[in-house]
Amino acid sequence: MKETPLSNCERRFLLRAIEEKKRLDGRQTYDYRNIRISFGTDYGCCIVELGKTRVLGQVSCELVSPKLNRATEGILFFNLELSQMAAPAFEPGRQSDLLVKLNRLMERCLRNSKCIDTESLCVVAGEKVWQIRVDLHLLNHDGNIIDAASIAAIVALCHFRRPDVSVQGDEVTLYTPEERDPVPLSIHHMPICVSFAFFQQGTYLLVDPNEREERVMDGLLVIAMNKHREICTIQSSGGIMLLKDQVLRCSKIAGVKVAEITELILKALENDQKVRKEGGKFGFAESIANQRITAFKMEKAPIDTSDVEEKAEEIIAEAEPPSEVVSTPVLWTPGTAQIGEGVENSWGDLEDSEKEDDEGGGDQAIILDGIKMDTGVEVSDIGSQELGFHHVGQTGLEFLTSDSEEEEMIILEPDKNPKKIRTQTTSAKQEKAPSKKPVKRRKKKRAAN
Amino acid sequence: MEEETHTDAKIRAENGTGSSPRGPGCSLRHFACEQNLLSRPDGSASFLQGDTSVLAGVYGPAEVKVSKEIFNKATLEVILRPKIGLPGVAEKSRERLIRNTCEAVVLGTLHPRTSITVVLQVVSDAGSLLACCLNAACMALVDAGVPMRALFCGVACALDSDGTLVLDPTSKQEKARAVLTFALDSVERKLLMSSTKGLYSDTELQQCLAAAQAASQHVFRFYRESLQRRYSKS
């Protein structure tokens, strides 16, 4: 679907409001929207809500051979997907620019900053390493995808537990979660992206722009930082020219924001850990707020299936017995068989060539009624190279040379046929010769084989 | 069949919601549904069955590409995205099953030359995924206000090697002899779609269908109660 264009009056309204230091949702210039983190039942699954922007993150792992030039390091793979439910404009072909930009930023933020210790992912140097795959799905687009995605990625990575492995000499044993508790990944630091939107050629700045604000912004500055105030990635897009002190100011703001967000993440992880340890209920079902009018829960419901057998017997008794199924397959050649006769074909005028085909032994399993005619005509050439066109009794086994297709065929205009067929397919030309010829040819080819 | 105990011990490996293992009679897992949780799609719903969770978003009736336009009815499209990896053939086949079910109930002739898109995202898979997708799709279509002639629900059942029927199977229970998923409509509990995997006799098929029809009553009651909660004035 095409994106609905932003009307001029809306644009002007937003810009005027920003000039007066007002935001449509009532936030201050440096305020973030509410961040809500919920975890699923499997390790490594989380949903992050930044205001209304929602991202689902899932981490999974697999044992693979390492890259040739990095034999002792594990592999990290990131994939951010903009789901089609996130915005009507996100169609498979249309989102490439934004998608590439976001994915590249995610990679730079998480992989290049070395936040995950890849050396610890090595199992057998040069042979087996862990490949950690992070899949992020954007579920709802209300602005600032990159922040939400980076939070989701780091939360999922911190939450994830990989299976325990032990190496004894050459033997590698992979333990299931029941045998040994899974092991968390070793994470050095948590880089989080903070986005700054600039308006009126850099005069006004907003932190965490929502979707409308993103549409009217001039440029975007993304700073990825961790709580130790180390900048992991910095990117400025949109072609705005920023002054040095503007960038420094943004990095200071980012430092404050990242500290708050990191604290929130650690608290959420701790809560989830506690709930799991105590054996309480966890998972997405618990994160659905009970008070919401749009949410409803129903406990386990027993179903009475005592009368199921009686009902089934009744239905079967009343039902007509199934029509007799022809279960004898017709074996055309070793490896090619036909069950049933297919549907009556509607290409009446090709029927003559079909006849000669079949007499010579057109051998091909008839799959679809539409394709039948074509395959019948063409395959006669292919088939001629194979052994075993069938005449009854040839090989001693009784085959059913089913001429049934021809019996069902309706000859529309027999007089016109010959000429028509000649022009249609080249192979048909060969079939025009008396049927003995094809047989001869085949024998020749068989001799050649 | 896994040993079923009636103690209150929460089995950690089983399900996170801590629901106790189901007794010898069939039962459906804990259900939860939240509607209208996404702001961009016209309708959205998140459906949870035990630990299986699917999020559905509906856009429509909306503009359709000329190549996909149907002159007298709406073009229905279903997109299913798995959580890990790229979508493959299994997703394509599930999309087709769900689309056929939706096309049977959605009144497409009321909105010709438009498109109705149902996007499903698997949030977690712990058994009965296709049934959960169907339920989520139905709730999302209701939330979007798409006209339908009936509601539909998905019910899955598994047949064990000794012929025991288990409704709404978990991933462990799905490793049975046969798994059958049915889509039933709300008016007369008629069968809209069936997708089966495994070996079973025709008697067993009819038994599973009868059990699914009994289970669908509960699912439809759940739909009704959740919509009543949302739309009633009290």
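Structure: see above.
Note that the structure is predicted; figures quoted are calculated from it, not measured.

(A) Fine view of empty space enclosed by the protein. Following the criterion strictly, the structure yields eight cavities of 30 Å³ or more and no others. Its volume calculated, the largest cavity comes out at about 210 Å³. Arg54(A), Ser287(A), Ile288(A), Glu34(B) and Leu37(B) are the residues nearest the centre of the largest cavity, which is lined by 17 residues in total. Among the elements of the structure, strand 1 (35-39), strand 2 (45-50) and helix 6 (284-287) of chain A together with strand 3 (43-49) and strand 4 (52-62) of chain B are those that each provide at least two residues to the lining of the largest cavity. Of the residues contributing to the lining of the largest cavity, the split by class is eight nonpolar, four polar and five charged.

(B) Representation of the sheet that holds strand 13 (residues 219-225) of chain A. Residue and element names in this part refer to chain A. If you walk across this open sheet you meet the four strands as 12-11-13-14, and the pairing is antiparallel. Edge strands, defined here as strands with exactly one partner in the open sheet, are strand 12 (204-207) and strand 14 (231-237). Averaged over all neighbouring strand pairs, the angle between strand axes comes to 20 degrees, with direction disregarded. Bridge analysis of strand 11 (residues 192-199) against strand 12 gives four bridges, and the strand direction is antiparallel. Within strand 12, the residue paired with phenylalanine 199 across the bridge is tyrosine 204. Running at roughly 155 degrees to strand 14, helix 2 (residues 96-110) makes contact with strand 11, strand 13 and strand 14 of the sheet. Lying on the sheet, helix 3 (residues 145-159) is in contact with strand 11 and strand 13; it crosses strand 11 at an angle near 175 degrees.

(C) Just the side chain of Arg40(B), in detail. Here Arg40(B) is to be found in the loop between strand 2 (31-35) and strand 3. Polar side-chain contacts of Arg40(B) include one of 2.9 Å to the backbone oxygen of His141(A). Apart from residues no more than four positions distant in its own chain, Arg40(B) is found in contact with Met85(A), Ala86(A), Ala87(A), Pro88(A), Asn140(A), His141(A), Glu211(A) and Tyr59(B).

(D) Molecular detail of the side chain of Asn144(A). Residue and element names in this part refer to chain A. Looking at the element boundaries, asparagine 144 is found in the loop between strand 6 (128-140) and helix 3. Within the local environment of asparagine 144, its side chain forms a polar contact with the side chain of aspartate 208, the two groups lying 2.5 Å apart. Residue contacts for asparagine 144: discarding those within four places in its chain leaves Arg33, Leu50, Thr53, Ser195, Asp208, Pro209 and Glu214.

(E) Main features of the pattern of salt bridges. Considering all chains together, one arrives at 32 salt bridges over all chains under this definition. The salt bridge involving Glu260(A) is made with Lys257(A); its shortest N-O contact spans 4.0 Å. Within this pair, Glu260(A) and its partner Lys257(A) are both found in helix 5 (residues 244-278), separated by three residues, close to a single helical turn. A residue is classified by how much of its surface remains accessible, and Lys257(A), at 10% relative accessible area, is buried. One salt-bridge network, in which partners are shared between bridges, spans Glu3(A), Glu10(A), Glu211(A), Arg212(A), Arg215(A) and Arg40(B).

(F) Up close: the pairing of strand 7 (residues 152-159) of chain B. Residues and elements named next belong to chain B. Counting buried residues along strand 7, eight of its eight residues qualify, which places the element largely inside the surrounding structure. What you see with strand 7 is no split at all: Phe152, Gly154, Ala156 and Ala158 on one side and Cys153, Val155, Cys157 and Leu159 on the other are buried throughout. Alignment of strand 7 against strand 9 (residues 178-185), held across eight bridges, turns out to be antiparallel. Bridge pairing links glycine 154 to alanine 183 in strand 9. Strand direction decides the pairing type here: strand 7 and strand 8 (residues 165-167), joined by three bridges, are antiparallel. Within strand 8, the position partnered with alanine 158 by the bridge is valine 166. Here strand 7 folds back onto strand 8 in antiparallel fashion, the turn holding five residues, of which glycine 163 has a positive phi close to 85 degrees.

(G) Expanded view of the nonpolar core. In terms of nonpolar packing, the biggest core is built from 69 residues, with Ile37(A), Ile132(A), Leu136(A), Ile151(A), Phe196(A) and Ile265(A) touching the most fellow members. Top contributing element to this core by residue count: helix 3 of chain A, with twelve residues. Ignoring any residue separated from it by four or fewer positions in sequence, one finds Leu136(A) in contact with Val55(A), Leu56(A), Gly57(A), Asn79(A), Leu80(A), Glu81(A), Met106(A), Ala149(A), Ala152(A) and Ala153(A). One finds Phe296(A), Cys33(B), Leu167(B) and Ala212(B) within the second-largest nonpolar core, a separate group that totals 67 residues.

(H) Spotlight on the interface of chain A and chain B. Facing the 58 residues of chain A at the interface are 60 residues of chain B. Across the interface of chain A and chain B, roughly 5400 Å² is buried in total on both sides, 60% from carbon and sulfur atoms. Considering only the side of chain A, the residues that lose the most area to chain B are Met85(A), Phe296(A) and Met298(A), jointly responsible for 15% of the buried surface there. At the junction of chain A and chain B, the tally comes to three salt bridges. Linking Glu211(A) and Arg40(B) is a salt bridge whose minimum nitrogen-to-oxygen distance equals 3.6 Å. Inspection of the region where chain A meets chain B yields 14 residue pairs in polar contact (both at pLDDT 80 or more). Where strand 16 (residues 301-302) of chain A meets strand 1 (residues 27-28) of chain B, two bridges bridge the pair, whose relative direction is antiparallel. Bridge pairing in strand 1 of chain B places Ala301(A) opposite Leu28(B).

(I) Examining the packing of aromatic side chains more closely. Under the criterion given, the structure shown has six aromatic pairs over all chains. Relative to Phe47(B), the ring of Phe31(B) lies with its centre 5.5 Å away and its plane at 70 degrees, an arrangement referred to as edge-to-face. Remark: Phe47(B) occurs in strand 3 and Phe31(B) occurs in strand 2; sequence separation between them is 16 residues. Across the pair, Phe47(B) and Phe31(B) agree in class, each one buried. A connected cluster of aromatic rings, assembled from ring pairs, spans Phe296(A), Phe31(B), Phe47(B), Phe220(B), Phe222(B) and Tyr223(B).

(J) Summary view of the sheet that holds strand 8 of chain B. Residues and elements named next belong to chain B. Spatially, 8-7-9-10 is the arrangement adopted by the four strands of the open sheet, whose pairing is antiparallel. On the outer flanks of this sheet lie strand 8 and strand 10 (191-198), each paired with one strand and no other. Going across the sheet, the axis of each strand differs from the next one's by a mean of 20 degrees, ignoring polarity. Strands in contact with helix 1 (residues 89-105) are strand 7, strand 9 and strand 10; relative to strand 10, the strand with the most contacts, it is inclined by about 165 degrees.

(K) Representation of the environment of Asp164(A). Residues and elements named next belong to chain A. Along the chain, the position of aspartate 164 falls in the loop between strand 7 (161-162) and strand 8 (165-168). Given a relative accessible area of 15%, aspartate 164 falls into the buried group. Counting along the chain gives twelve residues from aspartate 164 to threonine 176, while the straight-line C-alpha distance between them is 7.6 Å. Excluding residues within four positions of it along the chain, aspartate 164 makes contact with Thr173, Leu174, Tyr175, Arg180, Asp181 and Val183.

Thresholds, definitions, all that
- Residues numbered from 1 in each chain as written.
- Chains lettered and ligands numbered in written order.
- Predicted model: local features only at pLDDT ≥ 70, side-chain atom pairs only at ≥ 80, totals over all residues.
- Heavy atoms only, no water.
- 1 Å grid on protein atoms, 1.4 Å probe; cavity = no way out; pocket = protein on both sides within 12 Å on 5 of 7 lines; lining within 4 Å.
- Points joined across faces, edges and corners; volume = space filled by probe spheres on them.
- Helix = DSSP H or I, 4+ residues; strand = E, 2+ residues; numbered from the N terminus.
- Nonpolar A, V, L, I, M, F, W, Y, C, P; charged D, E, K, R; others polar.
- Pairing = 2+ DSSP bridges.
- Axes fitted to C-alpha atoms, helices over the stretch in contact; angles between N-to-C directions.
- Contact = heavy atoms within 4.5 Å.
- Polar contact = N/O pair within 3.5 Å; in protein donor to acceptor, adjacent residues only side chain to side chain.
- Salt bridge = Lys/Arg side-chain N within 4 Å of Asp/Glu carboxyl O.
- Buried < 20%, exposed > 50% of the residue type's maximum accessible area, 1.4 Å probe, protein only.
- Core = buried A, V, L, I, M, F, W, Y, C linked by side-chain atoms within 4.5 Å.
- Buried area = accessible area lost by both parts, 1.4 Å probe.
- Phe/Tyr/Trp six-rings, centres within 6.5 Å; stacked < 30°, edge-to-face > 60°.

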